[in-house]
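Close look at the chain arrangement
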Amino acid sequence: MTPRHPNARTLKESAKGIPEATVARLPVYLRALQGLKDRGVATVSSEELAAAAGVNSAKLRKDLSHLGSYGTRGVGYEVEYLVYQISRELGLTQDWVVAIIGVGNLGRALAGYGGFASRGFRVAGLLDADASIVGERISGLTVEHTDKLETIIKDQGVSIAVIATPAAAAQAVCDRVVAAGVTSVLNFAPVVLSVPEGVDVRKVDLSIELQILAFHEQRKAGGPHEEYIEVHP
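Computed from a predicted structure; not experimentally measured.

**Comments concerning the overall build of the protein chain**
- Each helix and strand counted, the protein chain has nine helices and nine strands in total.
- Within the protein chain, counting contacts between residues at least 6 apart in sequence, those at least 24 apart form 58% of the total.

Written as structure tokens, this is what we have:
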């Protein structure tokens, strides 16, 4: 497969007019379908697939209709073909080259994640500004200094940059990868990145996800307990 750079249009402007919310659910459907395929399941009903993906069947049918896939009445969807359809729509039928910038604990974990290669993502560069880390071998790759960032992006044909640096360094790193021609960024740094039009940034903030879970836990326990302070005139 030939490395390609993602085009610059945003998810909302996909070629078939697929809504962004639908695009966000396609990887979930694909994961459920891959599980069915691995178990030798040939066809699946919309109800079964919706349950496996954690959505309602009406939403799933509407989402898949954007791909031109309507299933067969009384039979459902052909699992293998639907895997191909979604993979093609997500761009997973080609090779996407990834560079990870920031090789702390999180960067190391990402570098060692085996799920990237099986989904069409090849990690081709690990970079860090810490001289004590540079030269280490991690998951078959040698950590390079960030001074070589632009060279690695060009030589390896990097399509997607994963930023796992401290917050203070993230914007400068982002500016450099964008200037080097990368138009897709996955940001793990706890900061909002500013990018020009045509550059897509997906932010992953684990602390925010934990705070959302804390909110739901609090609601299940009866809601916030307000403390009133009596003020005497």
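From this point, the discussion proceeds with the structure in view.
**Examining the sheet that holds strand β7 (residues 160–163)**
- With mixed pairing, seven strands are arranged side by side in an open sheet as β5-β6-β4-β3-β7-β8-β9. Here the strands that pair on one side only, and so sit at the sheet edges, are β5 (137–138) and β9 (200–203).
- As paired elements, β5 and strand β6 (residues 141–145) share two bridges and run antiparallel to each other. Bridge assignment links R137 to a residue of β6, and that residue is T142.
- Helix-sheet contacts for helix α8 (residues 167–179) involve β3 (96–101), β7 and β8 (184–187), and the interaxial angle to β7 is about 170°.

**Description of the UniProt feature "DNA-binding region" (unreviewed entry) in the protein chain**
- Listed under "DNA-binding region" (unreviewed entry) in the UniProt record, and renumbered for this structure, are residues 28–67.
- Across residues 28–67 one finds 70% helix and 5% strand; the C-alpha atoms that close the span lie 15 Å apart.

**Side note on unusual backbone geometry**
- Residues other than glycine seldom take positive phi values, yet S139 does so here, at roughly 50°.
- Position of S139 relative to the elements: it lies in the loop between β5 and β6.
- S139 gets classed as exposed once you look at its relative accessible area, which sits at 51%.

**Topic: helix α7 (residues 149–156)**
- Among all positions of α7, only L149, I152 and I153 are buried. Down the axis of α7, the smallest arc covering the buried residues is 100°, so these residues share one side. Exposed residues pointing more than 90 degrees away from the buried face of α7 are listed as K154 and D155.
- Among the structural elements, β3, β4 (121–128), β6 and α8 are those in contact with the buried residues of α7.

**Quick notes on the packing of α7 against α8**
- With their axes 9 Å apart at the nearest point, α7 and α8 run at an angle of 40° to one another. One finds that α7 runs oblique with respect to α8. Judged by the sense of rotation from one axis to the other, the crossing of α7 with α8 is right-handed. In this structure, α7 contributes L149, E150 and I153 to the contact, and α8 contributes V173, R176 and V177.
- Across the contact of α7 with α8, the residue classes break down as four nonpolar, no polar and two charged.

**Structural notes on the pairing of β7**
- Residues of β7 alternate between two faces, with I160 and V162 on one and A161 and I163 on the opposite face, all of them buried.
- Pairing geometry for β3 and β7, over four bridges, is parallel. Residue V98 lies in a different strand from β7, and its bridge partner there is I160.
- As paired elements, β7 and β8 share four bridges and run parallel to each other. Bridge pairing links A161 to V185 in β8.

**A word on the packing of aromatic side chains**
- Per the stated rule, a full pass over the model turns up two aromatic pairs.
- Here Y113 and F116 contribute two aromatic rings whose centre-to-centre distance is 5.0 Å and whose plane-to-plane angle is 90°, an arrangement assigned as edge-to-face.
- When its relative accessible area of 46% is taken as the criterion, Y113 is described as partly exposed.

Here is what the cut-offs are and how they apply
- Residues numbered from 1 in each chain as written.
- Predicted model: local features only at pLDDT ≥ 70, side-chain atom pairs only at ≥ 80, totals over all residues.
- Heavy atoms only, no water.
- Helix = DSSP H or I, 4+ residues; strand = E, 2+ residues; numbered from the N terminus.
- Contact = heavy atoms within 4.5 Å.
- Pairing = 2+ DSSP bridges.
- Axes fitted to C-alpha atoms, helices over the stretch in contact; angles between N-to-C directions.
- UniProt positions renumbered as here; feature names shortened; annotations may be inferred.
- Buried < 20%, exposed > 50% of the residue type's maximum accessible area, 1.4 Å probe, protein only.
- Arc of directions from axis to C-beta.
- Parallel < 35°, antiparallel > 145°, perpendicular 65-115°, else oblique.
- Left-handed = near helix turned anticlockwise from the far one by under 90°.
- Nonpolar A, V, L, I, M, F, W, Y, C, P; charged D, E, K, R; others polar.
- Phe/Tyr/Trp six-rings, centres within 6.5 Å; stacked < 30°, edge-to-face > 60°.

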